[in-house]
Amino acid sequence: MKTVYGPEDWNGDPARDLGHPGEFPFTRGPYPNMYTTRLWTMRQYAGFGTAQDTNRRFRQLLDAGQMGLSTAFDLPTQMGYDSDHPMAEGEVGRVGVAIDTVDDLAELFRGIPLDQVSTSMTINATAAILLAMYIVVGEEQNVPRAKLTGTVQNDVLKEYIARGTYIYPAQPSLRLVADIFRFVTDESMSFNPISISGYHMREAGATAVQEVGFTLANALEYVRVAVAAGLAVDSFGPRLSFFFASHNDLFEETAKFRAARRLWARLVRERFGAGDSTARMRFHTQTGGVTLQAQQPMNNVIRVTLQALAAVLGGTQSLHTNGYDEALALPTAESATLALRTQQVLGYESGVPQVVDPLAGSYYVESLTDQIESGARALITDVDTLGGAARAIERGFFQEAIARSAYELQKAQESGEQVVVGVNRFTDDSPPIAIAAPDFSALESQQRARLAETRRRRDSTAVKAALADIRAAAAGTNQLMPPIITAVRARTSLGEISDALREVWGTYRPA
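Residues numbered from 1 in each chain as written. Predicted model: local features only at pLDDT ≥ 70, side-chain atom pairs only at ≥ 80, totals over all residues. Heavy atoms only, no water.

**Some thoughts on a nonpolar patch on the surface**
At step 1: Taken together, the side chains of M298, L328 and I433 present a nonpolar region at the surface, about 230 Å² in accessible area.
At step 2: For L328, the location among the structural elements is in the loop between β9 (318–320) and α14 (333–348).
At step 3: Residue L328 is classed as partly exposed on the basis of its relative accessible area of 33%. (Patch = residues over 30% accessible without salt bridge, like charges linked within 9 Å, V, L, I, M, F, W, Y side chains within 5 Å. Areas by Shrake-Rupley, 256 points an atom, 1.4 Å probe, with all protein chains shown as cover. Salt bridge = Lys/Arg side-chain N within 4 Å of Asp/Glu carboxyl O. Helix = DSSP H or I, 4+ residues; strand = E, 2+ residues; numbered from the N terminus. Buried < 20%, exposed > 50% of the residue type's maximum accessible area, 1.4 Å probe, protein only.)

Shown next, in the form of structure tokens:
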């Protein structure tokens, strides 16, 4: 870092390295007019206990002006366990909505027409099952697949690295990812089959450079697997989406987004000969959950505002702003609405969206953009040397690098070298905010009873046949999405489908 930047600090070629918005290498944005014609999608993340609870929050957010839905699922749903499984005890509905069968998902979207709203689902190991459920809910609303819009996260590699909600070993998991790519492509769905996520690695302690480098290394692995499975890169590439964090350093974060776009465009063209539609990176941003503090929580409003501004200056296509109380509990309706209002003030009052890439040409920002791109590319080269992302994960490369960065950050904060307002400087004795917690025991009992009733009413013969078809497809080479959709339609549960795949593929155990 320098204190002053000037012309000597950026030696780039404006035509080669910047270009125009909407043109390769997309440094200045994926679209020519950016927010001057359409604002980013304002999408708040929500998931509370039961489908009924979350449906109420969805309706509140839509009434407040939200443009798209983003769904959080509880840990049993993410890990492929039904709510009545012993492994789910005490976890049902705690960090998101519990979904056992397609009837739960139908209740989640009750009264919300799926052809009029875009839905993002933060789900990975069980992504194929949730996508199948969404398709069946659409069918039962008389909405054809081609009219469903949204994103399924489906990024299992970062689960092995930083988050932990994996089920199967890497190779069958990657096969399932590629099957979802193929299905969405073959069905001509307006659905992003993956959201390749740097967010969770950043939350685990990665630096901005590591977030870009590791995310793109994972993305290259997914493209390689899909191409090896026979898919043409430009048949699925235009629907790849990305997911990044936005933290407190305004200019570093803005430069990070610009660098990520440019580096992806160059890499996917260099390695796969991709066209502009694949090279055009589109991404969702969420403000940094790990930056939120329980002490003086109202300070988080300012943190979130700065982070949202960085995402907008960096050209995000979609944005979630965290509630100020998320360091303490699930956000209240009031804090979630205030977080949405933060985006609306940026969008409609700040003037920032009136100019495309307004920080372009800043000596400091352009220098930072170059530095982040160079550092991220060096990390990708390291991953290549290890044999690609999947093999680098097996060797602990990502995990060890992130752990070291997290340790250094923690040391800096504990020593006071890095100031955290209200935590290690400018502290006071203000009492914590009291937030009421749901009765999770009653919620769990309610969800288990709902599942039992579905099992009582369904055709058990159809369920057994559907599960046999899933096992056969998993053991062979047939596509998995069609039999999973059939099973979901028969009211087979998420846990039953996951168990069928566990029987064939086994489970992943880190070394």
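**So, helix α19 (residues 460–475)**
At step 1: Helix length check: α19, at 16 residues, gives a terminal C-alpha distance of 23 Å against a target of 22 Å (1.5 Å per residue), a fit within 8%.
At step 2: When α19 is considered as a whole, its buried residues turn out to be V463, A466, L467, I470, A473 and A474. Buried residues along α19 cover an arc of 120° about the axis, so they all sit on one side. Set apart from the buried face of α19 by more than 90 degrees, the exposed residues are T461, K464, A472 and A475.
At step 3: Packed against the buried residues of α19 are α7 (170–186), α20 (481–489) and α21 (494–505).
At step 4: One side-chain oxygen of the residue at the start of α19 lies 3.0 Å from the amide nitrogen of T461, identifying that residue as D459. (Expected span 1.5 Å × (residues − 1). Arc of directions from axis to C-beta. Contact = heavy atoms within 4.5 Å. Polar contact = N/O pair within 3.5 Å; in protein donor to acceptor, adjacent residues only side chain to side chain.)

**Here we look at the side chain of K256**
At step 1: Note that K256 resides in helix α11 (residues 250–272).
At step 2: On the accessibility criterion, K256 (1% relative accessible area) is buried.
At step 3: There is a polar contact of 2.7 Å between the side chain of K256 and the side chain of E211.
At step 4: Once residues within four sequence positions are removed from consideration, K256 is found in contact with R202, A208, E211, V212, A245, S246 and I372.

**Side note on the pairing of strand β7 (residues 240–246)**
At step 1: With seven of seven residues buried, β7 is to be regarded as a mostly interior element.
At step 2: Judged by which residues are buried, β7 turns out to be covered on both faces: L240, F242, F244 and S246 on one side and S241, F243 and A245 on the other are all buried.
At step 3: Both strand β6 (residues 194–197) and β7 contribute to a ladder of four bridges, which runs parallel. Residue pairing in the sheet places I194 in a bridge with L240 of β7.
At step 4: Direction of pairing for β7 relative to strand β8 (residues 283–287): parallel, over a ladder of five bridges. In the strand pairing of β8, A245 is matched with Q286. (Pairing = 2+ DSSP bridges.)

**Some details on the packing of helix α9 (residues 208–228) against helix α15 (residues 363–385)**
At step 1: Interhelical geometry of α9 versus α15 gives an angle of 45° and a closest axis separation of 8 Å. By the angle between their axes, α9 is oblique relative to α15. The chirality of how α9 crosses α15 is right-handed. Residues V209, Q210, V212, G213, F214, L216, A217 and L220 of α9 touch α15, and the partners they reach there are I372, G375, A376, L379, I380 and V383. (Axes fitted to C-alpha atoms, helices over the stretch in contact; angles between N-to-C directions. Parallel < 35°, antiparallel > 145°, perpendicular 65-115°, else oblique. Left-handed = near helix turned anticlockwise from the far one by under 90°.)

**What about the nonpolar core?**
Taken as a class, soluble globular proteins show a tendency for nonpolar side chains to be buried jointly.
At step 1: Counting 79 residues, the largest nonpolar core has F181, L216, Y222, F242, W264 and F398 as the members making the most contacts within it.
At step 2: In contact with W264, not counting residues within four places along its chain, are L216, A219, L220, V223, L240, F242, T278, A279 and M281.
At step 3: With 60 residues, the next largest nonpolar core counts L105, Y168, A466 and A487 among its residues. (Core = buried A, V, L, I, M, F, W, Y, C linked by side-chain atoms within 4.5 Å.)

**Thoughts on the layout of surface pockets**
At step 1: Within this model, the second largest pocket holds a volume of roughly 880 Å³.
At step 2: What lines the second largest pocket is a set of 31 residues, and nearest its centre among them are H247, T291, L409, Q413 and Q418.
At step 3: Looking at the lining of the second largest pocket, the elements that each hand over two or more residues are α8 (199–203), α9, α11, α13 (299–313) and α17 (397–415).
At step 4: Per element, the largest residue contribution to the lining of the second largest pocket is six residues, and it comes from α17.
At step 5: Looking at the lining of the second largest pocket residue by residue, the class counts come to twelve nonpolar, twelve polar and seven charged. (1 Å grid on protein atoms, 1.4 Å probe; cavity = no way out; pocket = protein on both sides within 12 Å on 5 of 7 lines; lining within 4 Å. Points joined across faces, edges and corners; volume = space filled by probe spheres on them. Nonpolar A, V, L, I, M, F, W, Y, C, P; charged D, E, K, R; others polar.)

**What to know about helix α5 (residues 127–140)**
At step 1: Over its 14 residues, α5 runs 20 Å from end to end, which matches the ideal 20 Å to within 8%, given 1.5 Å per residue.
At step 2: The buried count for α5 comes to twelve of 14 residues, which makes it a mostly enclosed element.
At step 3: The complete set of buried residues in α5 reads A127, A128, I129, L130, L131, A132, M133, Y134, I135, V136, V137 and G138.
At step 4: A positive backbone phi angle near 65° is found at N142, which sits one or two residues after α5.

**Description of the packing of aromatic side chains**
At step 1: Counting across every chain of the model gives 21 aromatic pairs.
At step 2: Aromatic pair F181 and F236: ring centres 5.3 Å apart, planes at 25°, arrangement stacked. With F181 in helix α7 and F236 in helix α10 (residues 233–236), this residue pair connects regions lying 55 residues apart in the sequence. Each member of the pair, F181 as well as F236, carries the same accessibility label: buried.
At step 3: Each ring, one from F397 and one from F398, has its centre 6.0 Å from the other, and the planes form 75°; the classification is edge-to-face.
At step 4: For F397, a relative accessible area of 21% translates into the label partly exposed. (Phe/Tyr/Trp six-rings, centres within 6.5 Å; stacked < 30°, edge-to-face > 60°.)

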